[in-house]
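# Examination of the molecular architecture
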Amino acid sequence: MSAGRYAPSPSGDLHVGNLRTALLAWLFARSSGRDLLLRYEDLDASRTVAGSAERQRADLEALGVTFNGEVVFQSQRKHLYDDAVATLSAQGLVYECYCTRREIQDAPRAPHAPPGAYPGTCRGLSEQERKRRRTERPGALRLKAVREQASAHDRLRGTIAAPVDDFVLVRNDGAAAYNLAVVVDDYLTGVDQVVRADDLADSAPRQQHLRGLLYGEAAAASVEYAHVPLVVNQAGQRLAKRDGAVTLAALGEHGIRPEAVRDSLLRSLNLPQGPLQDALDAFDPRNLPRGPWVWQSPHS
Ligand code: GLU
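Report follows, based on the coordinates.

Cut-offs and rules
- Residues numbered from 1 in each chain as written.
- Predicted model: local features only at pLDDT ≥ 70, side-chain atom pairs only at ≥ 80, totals over all residues.
- Heavy atoms only, no water.
- 1 Å grid on protein atoms, 1.4 Å probe; cavity = no way out; pocket = protein on both sides within 12 Å on 5 of 7 lines; lining within 4 Å.
- Points joined across faces, edges and corners; volume = space filled by probe spheres on them.
- Helix = DSSP H or I, 4+ residues; strand = E, 2+ residues; numbered from the N terminus.
- Nonpolar A, V, L, I, M, F, W, Y, C, P; charged D, E, K, R; others polar.
- Near = heavy atom within 4 Å.
- Polar contact = N/O pair within 3.5 Å; in protein donor to acceptor, adjacent residues only side chain to side chain.
- Areas by Shrake-Rupley, 256 points an atom, 1.4 Å probe, with all protein chains shown as cover.
- Sits in = over half its atoms within 2 Å of the grid points.
- Phe/Tyr/Trp six-rings, centres within 6.5 Å; stacked < 30°, edge-to-face > 60°.
- Buried < 20%, exposed > 50% of the residue type's maximum accessible area, 1.4 Å probe, protein only.
- Salt bridge = Lys/Arg side-chain N within 4 Å of Asp/Glu carboxyl O.
- Pairing = 2+ DSSP bridges.
- Axes fitted to C-alpha atoms, helices over the stretch in contact; angles between N-to-C directions.
- Core = buried A, V, L, I, M, F, W, Y, C linked by side-chain atoms within 4.5 Å.
- Expected span 1.5 Å × (residues − 1).
- Arc of directions from axis to C-beta.

Let us look at the layout of surface pockets. Empty space among the atoms becomes visible once a probe the size of a water molecule is rolled across them. Taken as a whole, the largest pocket holds about 910 Å³ of empty space. Surrounding the largest pocket, 39 residues form its lining, Ala 7, Pro 8, Ser 9, Glu 41 and Leu 200 being those nearest its centre. Mapped by element, the contributors of at least two residues to the lining of the largest pocket are strand 1 (3–6), helix 1 (16–31), helix 6 (178–188) and strand 9 (191–197). Each pocket or cavity is described by its volume, and for the second largest pocket that value is around 730 Å³. Elements with a minimum of two residues in the lining of the second largest pocket: helix 4 (101–106) and strand 5 (140–143). With 3 residues, helix 4 is the single largest residue contributor to the lining of the second largest pocket. Split into classes, the residues belonging to the lining of the second largest pocket amount to 10 nonpolar, 5 polar and 7 charged.

If you want it as C-alpha cells, here you go:
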C-alpha cells in the first residue's frame, strides 16, 4: 500500500492554517494515486480536548477532504512504540537520560554542535551512576544516533539535510515521543508520503534516520516529503487561535460558509475554486506558492 496522511493533534478546532495543510495532503495523495489516512496525534493527554477529533474530521469533510482506511489514535498504540524501542535496545541504540532542560542548556558542547542538540551527557554513564540518577528522577530514553547528519527528499524544498542528535524516544513519563510515534505509525500504516507544515521540516532527517534504523534503508528511501508553507497572521507569525475568526465554527458566525473558506484556500494555492476534484485536475506541485500565506481575518 502507498499512502499519505494527515496527522492533527485533537487539541481543539483546526484553524485555516491546519485546514490548508490538510487540503494539500489530500491533493498530494490523490494526485499520486495514494490513499490518505487520518491519524490523531493524541499522546499528550493533557492537551487532548474531548470531542475535538470528531469536530476536526467533520470540518475536514465539510471542505471535501476525505480519508481512507481506519482512523489511527496514537494513544492506543503504546505496545507498538514499546516494540520499536525493544528492537533498538537490542542493538544497543537506546540509553536512559536524566538531564533536565536546564542541564542540557548549560552543558558544555562541541563548538560545531547545533543549538538545542543534546550534548550526550548521559550517553556514557556507568551502571552505578545510572542507579544513583534513577533515584533522583525517572529517566527518558534517548536514541544513540549513529550518524551526525541525515537527509530527506522534499518535493518543494529539494534535499533537507540536518544534524541528528541523540533525540528522545520515550519521555520520562513513559509516553512515546513525537519522532518515535511518527516513524512507527508512518511505516506500519504504509505511509510513504508525508505532507505537513514546514515548521516541521527539521524533524524529517531525524525521522529518516530512525526509519532506516528500524525498518531498513530502503524503507527510508521510499518516503517523499512535502513541507508546505505556513499560514501567518498580519504580523507574519504562525497563525493561532488568538488571531480571531480562524476556525470553520468561528467563520460560520460571521456568515462565512465552509465552501467559501475552501475557495479562499484554493485561491491562495493558485488553484481553481469549487469542488476539490477541479483543483485535483489542475494540481501541479511546481505551481504552488513557496512563501507563507497571510490570513486576512473577516471584519466583525
Ligand atoms: N501532529 C503534528 C501537528 O499537528 C503533525 C505531525 C506530522 O505531521 O508529522 O502539527
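More follows now that the structure is in view.
A word on the site of the ligand. All residues in the neighbourhood of the ligand are listed as Arg 5, Ala 7, Pro 8, Ser 9, Glu 41, Tyr 178, Val 182, Arg 196 and Leu 200. Interatomic distance of 2.7 Å between a side-chain N/O atom of Glu 41 and a nitrogen atom of the ligand. One nitrogen or oxygen atom from the side chain of Tyr 178 is found 2.8 Å from an oxygen atom belonging to the ligand. Here the ligand has 300 Å² of accessible area as a free molecule, and 76% of this is covered by the chains. Cavity membership is defined here by more than half of the atoms lying within 2 Å of grid points; on that basis the ligand lies in the largest pocket. Here the shell around the ligand is composed, by residue class, of 5 nonpolar, 1 polar and 3 charged.

This paragraph deals with the packing of aromatic side chains. Applying the stated criterion across every chain yields a total of 4 aromatic pairs. Centroid distance Phe 28 to Phe 283: 5.1 Å. Interplanar angle 80°. Geometry classified as edge-to-face. Remark: Phe 283 occurs in the loop between helix 11 (276–282) and strand 12 (293–294) and Phe 28 occurs in helix 1; sequence separation between them is 255 residues. Here Phe 28 and Phe 283 have matching classes, each one buried.

Take the pattern of salt bridges next. The tally for this structure, following the rule as stated, stands at 28 salt bridges. Residue Asp 185 is joined to Arg 39 by a salt bridge in which the shortest nitrogen-to-oxygen separation is 3.9 Å. Of this pair, Asp 185 sits in helix 6 while Arg 39 sits in strand 2 (residues 35–40), and the two are 146 residues apart along the sequence. Exposure class is identical for Asp 185 and Arg 39. Each is buried. The partner of Arg 257 in a salt bridge is Glu 259, and the shortest N-O contact between them spans 3.4 Å. Judged by its relative accessible area of 55%, Arg 257 falls in the exposed class. Taking relative accessible area as the criterion, Glu 259 reaches 32% and is therefore assigned partly exposed.

To continue, consider the sheet that holds strand 4 (residues 94–97). The 3 strands are arranged 4-5-8 in an open sheet whose pairing can be described as antiparallel. Of all strands in the sheet, those bounded by a partner on one side alone are strand 4 and strand 8 (168–170). Mean inter-strand twist for the sheet, computed between neighbouring axes without regard to direction, equals 45°. As defined by bridge partners, strand 5 adjoins strand 8 across 2 bridges and the pair is classed as antiparallel. In the sheet register, Arg 142 faces strand 8, and the bridge partner there is Val 168.

Leu 23, Leu 24, Leu 27, Phe 28, Leu 60 and Val 65 are the most contacted members of the largest nonpolar core, which totals 42 residues. Counting 20 residues, the second-largest nonpolar core is a separate cluster that includes Ala 84, Leu 93, Ala 150 and Leu 169.

Between its first and last C-alpha, helix 3 (residues 78–90) extends 18 Å over 13 residues, near the 18 Å set by a 1.5 Å rise per residue. Among all positions in helix 3, only Tyr 81, Ala 84, Val 85 and Leu 88 are buried. Angularly, the buried residues of helix 3 cover 100° about the axis, an arc narrow enough to put them on a single face. At the C-terminal side of helix 3, Gly 92 shows a positive phi close to 75°.

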